Amino acid sequence: MDIDTLAAAARELLLVAPADFVAERTARQRAMRADDRDTAAAIGKLRKPTPAAWVVDLLAHEQALDEAVDLGPSLREAQAKADPQEISALRRQRTSVVDALARAGADLATDAGHPATPAVLEQVRSTIEAAMADPHAGAAVRSGLLVQPLESVGFEDVDLDGALAVPDAVPDAWSGSGAPPIDIEEGRRARRSTRASRPEKQAEQDEQDEPAEQDQQNRAPDPEPEPTPDPAAERRAARQAETAARTESREADAALDEAERELGAAEDRRAGLARELERATAEVERLERSRDDAETASDRERDLLAAAQEHRRSLGR
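Computed from a predicted structure; not experimentally measured.

Asker: Give me the lowdown on the overall build of the protein, citing residues and values where you can.
Answerer: Assigned secondary structure in the protein consists of eleven helices and zero strands. Its helices and strands taken in sequence order, the protein reads α-α-α-α-α-α-α-α-α-α-α from the N to the C terminus. Here the protein, with 317 residues, has 29% of them falling under the buried criterion. Here the protein has roughly 20,200 Å² of accessible surface; of this, 51% comes from carbon and sulfur atoms.

Next up, the structure:
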């Protein structure tokens, strides 16, 4: 399978309105089967973009996102230098650029016959802001292969897992434009292994803390201090909740895609049965006409026979 061919097909397909995506994907998959069955199978597995991702892909197709993404390094540099005046000026510029792109995206969606709702346009704004905050997200947004909106928390890395239709076609979305390409699957395995190691490390920490906790239990209890809000813990909890919600959303999207594929197959079967029924109905009608013609001919011949018999009897009298 050729990644470039698949990516080109995906970019064209992702410009189709989400409501028409499944039918167009099926048509393109069938058209590709004769030339490249592997690529055709990969096309059949492409995910439908969310409405916000579709609008961002329309903007990427128009090459309208360059200014926004290019503004990102300046914002990150100003943040690092903690220059309040420069940060304030760049934030005003960011707001102006994001609002202008949201309006442009709304116009493109309307021209395509599927106007975007205010909630969708808010997700478009969040995605563009994420592209400014993280160079990896900037590469993803400019690729024209986005299938779900993005969201940033400050200048932390944006979660791009599942965000691209053909991630292997956009190595910069994982490595950053200034670094050598990183294999997509390798990057994913690294993330999964890091997550998987957390419970083990926590268990080791619990074992180390157990004697101290036991000693603490044997002492007289101290007065309970008033809990102090921990903003960092609250942010971590918010990110964990966001990650869980994003995972559930991806699973729901996958279930929706599978249901749409099954529906498409069922509609194909129904169309085939309808054609068979149409042919069978035509055959029944033809046979009924043949029967009626034969019945008419039989009645005519019986009448002729009766007339001949009557004529013969009249001659014998």
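Back to the text.
Asker: Which residues make up the packing of helix α2 (residues 21-33) against helix α3 (residues 37-44), and what values do they have?
Answerer: The geometry of α2 relative to α3 is characterised by a closest axis approach of 8 Å and an angle of 170 degrees between their N-to-C directions. Classified by the interaxial angle, the pair formed by α2 and α3 is roughly antiparallel. Between α2, through R25, R28, Q29, M32 and R33, and α3, the contact on the second element is made entirely by R37, T39, A40, A41, I43 and G44. Here the residues of the contact of α2 with α3 are counted per class, giving four nonpolar, three polar and four charged.

Asker: An account of the environment of A42 is requested, with residue identities and associated values reported.
Answerer: One can find A42 in helix α3. Take A42: its relative accessible area is 14%, and that puts it in the buried class. Put simply, A42 and Q29 are 13 residues apart on the chain and 8.4 Å apart in space, counted from C-alpha to C-alpha.

Asker: An account of the packing of helix α4 (residues 51-61) against helix α7 (residues 118-133) is needed here, citing residue identities and associated values.
Answerer: The contact between α4 and α7 brings their axes to 8 Å, and the two run at 55 degrees. One way to sum up the angle between α4 and α7 is to call them oblique. Like other packed secondary-structure pairs, α4 and α7 cross with a definite hand, here right-handed. Across the interface between the two elements, P51, A52, V55, V56 and L59 from α4 touch V120, Q123, V124, T127 and I128 from α7. Across the contact of α4 with α7, the residue classes tally to eight nonpolar, two polar and no charged.

Asker: Outline the nonpolar core, supporting the account with residue identities and numerical values.
Answerer: Ranked by size, the top nonpolar core spans 51 residues in total, and within it L46, L65, V124, I128, L145, L146 and L150 carry the most contacts. Every element with two or more residues in this core is listed here: α1 (3-13), α2, α3, α4, α5 (66-81), α6 (84-111), α7 and α8 (135-142). For this core, the element with the most residues is α4, which contributes eight residues. Look past the residues within four positions of V124 in its chain and what remains in contact with it is A52, V55, V56 and L59.

Asker: Any chance you could break down α8 for me, citing the residues and the numbers?
Answerer: Among the eight residues in α8, six count as buried, and that is most of the element. Taken together, the buried positions of α8 are occupied by H136, A137, G138, A139, A140 and V141. Sitting at the head of α8, D134 places a side-chain oxygen 3.0 Å from the backbone nitrogen of H136. Backbone geometry just after α8 places G144 at a positive phi near 75 degrees.

Asker: Could you give an account of α7, naming the residues involved and the relevant values?
Answerer: Over its 16 residues, α7 runs 23 Å from end to end, which matches the ideal 22 Å to within 8%, given 1.5 Å per residue. Residues of α7 that are buried include every one of V120, L121, V124, T127, I128, A130, A131, M132 and A133, and no others.

Asker: So what about unusual backbone geometry? Which residues, and what values?
Answerer: Phi is positive for Q63, which is not a glycine, with a value near 55 degrees. On the secondary structure map, Q63 appears in the loop between α4 and α5. Among the residues examined, Q63 registers a relative accessible area of 64% and is labelled exposed.

Asker: I'd like a description of the environment of A19, backed by residues and values.
Answerer: In this fold, A19 is placed in the loop between α1 and α2. Residue class for A19 comes out exposed when judged on its relative accessible area of 63%. In this structure the C-alpha to C-alpha distance between A19 and K48, which are 29 residues apart in sequence, comes to 9.1 Å.

Asker: Tell me about the pattern of salt bridges, and name the residues and values.
Answerer: Side-chain pairs of opposite charge can arise where the charged atoms are in close proximity. Evaluation of the coordinates by the stated rule reveals nine salt bridges. A salt bridge links D66 to R142; the nearest nitrogen and oxygen atoms lie 3.1 Å apart. One end of the pair, D66, is in helix α5; the other, R142, is in helix α8, and 76 residues separate them in sequence. On the accessibility criterion, D66 (32% relative accessible area) is partly exposed. Across the pair E276 and R279 runs a salt bridge whose closest N-O atoms are separated by 2.3 Å. Here the residue E276 and the residue R279 both occupy positions in helix α11 (residues 231-316), the gap between them amounting to three residues, near one helical turn. With a relative accessible area of 45%, E276 lands in the partly exposed category. A single network of salt bridges, built from pairs that share partners, joins E12, E24 and R28.

Basis of the calculations
- Residues numbered from 1 in each chain as written.
- Predicted model: local features only at pLDDT ≥ 70, side-chain atom pairs only at ≥ 80, totals over all residues.
- Heavy atoms only, no water.
- Helix = DSSP H or I, 4+ residues; strand = E, 2+ residues; numbered from the N terminus.
- Buried < 20%, exposed > 50% of the residue type's maximum accessible area, 1.4 Å probe, protein only.
- Areas by Shrake-Rupley, 256 points an atom, 1.4 Å probe, with all protein chains shown as cover.
- Axes fitted to C-alpha atoms, helices over the stretch in contact; angles between N-to-C directions.
- Parallel < 35°, antiparallel > 145°, perpendicular 65-115°, else oblique.
- Contact = heavy atoms within 4.5 Å.
- Nonpolar A, V, L, I, M, F, W, Y, C, P; charged D, E, K, R; others polar.
- Left-handed = near helix turned anticlockwise from the far one by under 90°.
- Core = buried A, V, L, I, M, F, W, Y, C linked by side-chain atoms within 4.5 Å.
- Polar contact = N/O pair within 3.5 Å; in protein donor to acceptor, adjacent residues only side chain to side chain.
- Expected span 1.5 Å × (residues − 1).
- Salt bridge = Lys/Arg side-chain N within 4 Å of Asp/Glu carboxyl O.

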